[in-house]
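# Architecture at a glance
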Amino acid sequence: MIPRPPKRTIPGAPIFDSEAARRGYLLNKMCYSFNSKANRDDFLRDERSYCEKFGLDQSQTTAILERDVLSLIRVGGGVYFLGKLASGVLGLDMQDIGALQTGMTKEEFKAKLVASGK
Amino acid sequence: MAKVVGIMTTSHVPLIGKAIHLGLQQDPYWKPFFDGFPPIREWLEKVKPDVVLACYNDHGLNFFLDKQPTFAIGTAATYTSEDEGWGIPTMPEFPGAEDLSWHVRDSLVRDDFDMVTCQEMSVDHAFTIPMALLWPDQKWPVKVVPVCVNTVIFPLPSARRCYKLGEAIGRAIANFPEDTKILVIGTGGLSHQLEGERAGFINKEFDLQFMDSMVTDPQWATQFSDLDLVEQTGNEGVELLNWLVARGTIPGPVRVVHSNLHIPISNTAAATMLLEPV
């Protein structure tokens, strides 16, 4: 990769840009495969070998096995694709995912959302 | 001649699809959101549009990162709703407004918009949920034209460019020779953020200002870059780009038929507007 000028960052808001798309292509491709129930079932039968089949590297595989959402984003996961894993495969909702990333309990996270509307 | 008879904009949170499937419209959590729709359905009964042209973003159903267009348009005879891995029940297929689709597609390309043309296309929750909110029996009384905007990979098309796309769609519609009443819809938003340490971010003040601008100053939001929009509305709040495409299709002033903002549905400031040309 050629060196690039420093990027604008927004604290707490990771951007799915060309760098992330390059880094995360195989991870996102695996998540895209979860549009099919047969693939979701295959993943759940043996998560590690499913990751291997898609060529995920060690840090991506570990983040998957540990349900480490912030790490999944750091290793190139796009949220629309990770959502298929979270929602369709693991049965988590977006407040579960929010709580996992912010260190809040799910109830605290939901209360924060409600407070935003006041 | 064809005419845009209205613009309907709404959030498209996947969970709405599950709530519809489970019949939770009167549930206390859901009621404030679903109550936004009966006035819109009364308007639909009165106006009876022939076609819905829907501006939305695909989340990895029809498009993946192997081929990710910035702008795409469907020209198919039918569009299918499919398993998209989010656990949302699928819906009956949608009949395509083929003649209008091809006309708009040709016109946009001549107007310097490099559309990807899709003669086969499946449509995800960003398209199907708003349709089910308008016609809960899912017996679609309209034909459809899907217009898809990239909100997956940054840089996104700029807000200014999205508004101009809407203007170009409006010009194409005005030149379509058949008498056709078209409801343009724009889906997604408003403020929400699913990922990162700032997950759960909602900006009610910005949302209210943006909704007001749809009527009083439709190009207000075109001053913002994609990253400005992330900062103001959250990573997925950028879906308001679809609202801007939709708003661009009516060149003149509009009046509000109905407007609703409810926070939160899932992680989202759930907003709905119905606008009519004046």
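A few points on the structure. Treat the numbers as computed from the prediction; the structure is a model and nothing was measured. Sequence order as written defines residue numbering, which begins from 1 separately in each chain. Each chain takes a letter, starting from A, and each ligand takes a number, starting from 1, following the order in which they are written. In keeping with the predicted nature of the model, local features appear solely for residues at pLDDT of at least 70, side-chain atom pairs appear and are counted solely at 80 or more, and the whole-chain, interface and lining totals rest on all residues. Values shown for side chains rest on all heavy atoms present in the structure; no hydrogens or waters enter the calculation.

## Some thoughts on the overall build of chain B
Inclusion rule: Going along the chain from the N terminus, every DSSP run of H or I of four or more residues is numbered as a helix, and every run of E of two or more is numbered as a strand. Atoms counted for the radius of gyration: C-alpha only. Globule rule: 2.2 Å times the number of residues to the power 0.38. Only protein chains enter the accessibility calculation, which uses a 1.4 Å probe; a residue is then buried when its area is under 20% of its type maximum, exposed when over 50%, and partly exposed in between. Every residue pair with non-hydrogen atoms within 4.5 Å of one another is taken to be in contact. Shrake-Rupley sampling with a 1.4 Å probe provides the accessible areas, and residues are treated as covered by the protein chains on show and by no other component. In this count, Lys and Arg are taken as positive residues and Asp and Glu as negative ones, while His and the chain termini are left out. Charge coordinates come from a single atom per side chain, which is NZ of Lys, CZ of Arg, CG of Asp or CD of Glu.
Each helix and strand counted, chain B has nine helices and 11 strands in total. In terms of C-alpha radius of gyration, chain B reaches 17 Å, essentially the compact-globule figure of 19 Å for 278 residues. Structurally, chain B occupies a C-alpha span of about 45 × 40 × 40 Å along its principal axes. Looking at chain B as a whole, 64% of its 278 residues qualify as buried. Look at the contacts in chain B between residues 6 or more apart in sequence, and 81% of them connect residues 24 or more apart. On chain B, roughly 9700 Å² of surface is accessible, and the fraction owed to carbon and sulfur atoms is 50%. When the 20 basic and 35 acidic side-chain charges of chain B are each reduced to a single mean position, those positions are 6 Å apart.

## Re the pattern of salt bridges
Between side chains of opposite charge, a pair can form when the charged atoms approach closely. Residues and elements named next belong to chain A. Short version of the rule: What makes a salt bridge here is a side-chain nitrogen of Lys or Arg within 4 Å of a carboxyl oxygen of Asp or Glu, nothing more.
Within this structure, the stated rule accounts for 17 salt bridges over all chains. As a salt-bridge pair, K7 and D17 come within 2.6 Å of each other at their nearest N and O atoms. Highlighted residues: K7 in the segment before α1 (18-23) and D17 in the segment before α1, separated in sequence by 10 residues. For K7, a relative accessible area of 46% puts it in the partly exposed group.

## Examining helix α5 (residues 58-65) of chain A
Residue and element names in this part refer to chain A. Applied cut-off: Note that the arc is defined by the directions from the helix axis to the C-beta atoms.
For α5, the full list of buried residues reads Q60, T61, A63 and I64. Along the long axis of α5, the arc covered by the buried residues comes to 160 degrees, so they all point the same way. Where α5 is buried, its residues meet α1, α2 (25-32), α3 (37-45), α4 (47-53), α6 (69-74) and α7 (79-89). Of the residues flanking the end of α5, it is R67, one or two places downstream, whose phi is positive at about 55 degrees.

## Side note on the pairing of strand β11 (residues 268-277) of chain B
Residue and element names in this part refer to chain B. Note the cut-off: In this scheme, strands are said to pair when DSSP sees at least two bridges between them.
Of all 10 residues in β11, nine are buried, a share of seventy percent or more. Here strand β1 (residues 2-10) runs beside β11; their pairing, made up of four bridges, is antiparallel. Among the inter-strand pairings, I7 is bridged to a residue of β11, identified as L275. Here nine bridges tie strand β10 (residues 254-265) to β11, and the two strands are oriented antiparallel to one another. For R255, the partnering residue across the bridge sits in β11 and is E276. Taking the residues that link successive antiparallel strands as the turn, the β10-β11 hairpin has two residues, and the phi of S266 there is positive, at about 50 degrees.

## Some remarks on the interface of chain B and chain A
What counts is decided by this rule: When two components associate, each loses some accessible surface as probed by a 1.4 Å sphere; the sum of these losses over both components is called the buried area.
Counting from both sides, the interface comprises 40 residues of chain B and, opposite them, 41 residues of chain A. Across the chain B/chain A interface, buried area totals approximately 3600 Å², and carbon plus sulfur atoms make up 60% of it. Broken down residue by residue, the surface that chain B buries against chain A is led by B:F64, B:W86 and B:E197, which jointly contribute 18%. Counting every contact that joins chain B to chain A gives three salt bridges.

## Some thoughts on the packing of aromatic side chains
Residue and element names in this part refer to chain B. This is how it is decided: A pair of Phe, Tyr and Trp rings is counted when the ring centres sit within 6.5 Å of each other, with Trp represented by its six-membered ring. The angle between the planes then sorts it: under 30 degrees is stacked, over 60 is edge-to-face, the rest tilted.
Tallying each qualifying case throughout the model produces 19 aromatic pairs over all chains. Between W30 and F34, the ring centres sit 5.8 Å apart and the planes meet at 50 degrees, which makes this aromatic pair tilted. When its relative accessible area of 5% is taken as the criterion, W30 is described as buried. Under the relative-accessibility criterion, F34 is labelled buried at 7%.

## Thoughts on the nonpolar core
The nonpolar side chains of a soluble globular protein tend to be buried with one another. Residues and elements named next belong to chain B. What counts is decided by this rule: Only buried residues count toward a nonpolar core, which is a set of Ala, Val, Leu, Ile, Met, Phe, Trp, Tyr and Cys residues joined through side-chain atoms within 4.5 Å.
Of all hydrophobic cores here, the largest spans 55 residues; its most connected members are L53, L165, I169 and F210. The element best represented in this core is helix α6 (residues 159-174), accounting for eight residues. Counting 43 residues, the second-largest nonpolar core is a separate cluster that includes V13, I16, M121 and V123.

## Side note on empty space enclosed by the protein
Note the cut-off: Cavities and pockets were defined on a 1 Å grid built over protein atoms only: a cavity is a set of grid points that admits a 1.4 Å probe from which the probe cannot escape, a pocket is an open set flanked by protein on both sides within 12 Å along at least five of seven lines, and lining residues are those with an atom within 4 Å of any such point. Grid points are joined across faces, edges and corners, and a volume is the space filled by probe spheres set on the points. Amino acids outside the nonpolar list (Ala, Val, Leu, Ile, Met, Phe, Trp, Tyr, Cys, Pro) and the charged list (Asp, Glu, Lys, Arg) are all regarded as polar, and Gly is one of them.
Tallying each qualifying case throughout the model produces two cavities of 30 Å³ or more. Taken as a whole, the largest cavity encloses approximately 260 Å³ of empty space. As for the largest cavity, its lining consists of 23 residues, and the residues nearest its centre are A:M94, B:V13, B:P14, B:W86 and B:S266. Residues that form the lining of the largest cavity fall into these classes: eight nonpolar, 11 polar and four charged. Of the pockets and cavities examined, the second largest cavity occupies roughly 140 Å³. Along the walls of the second largest cavity sit 17 residues, with A:V69, A:L72, A:L82, A:A86 and A:I97 positioned nearest its centre. Going through the elements one at a time, α6, α7 and α8 (94-102) of chain A are the ones with two or more residues in the lining of the second largest cavity. Here the lining of the second largest cavity gets five residues from one element, more than from any other, and that element is α7(A).

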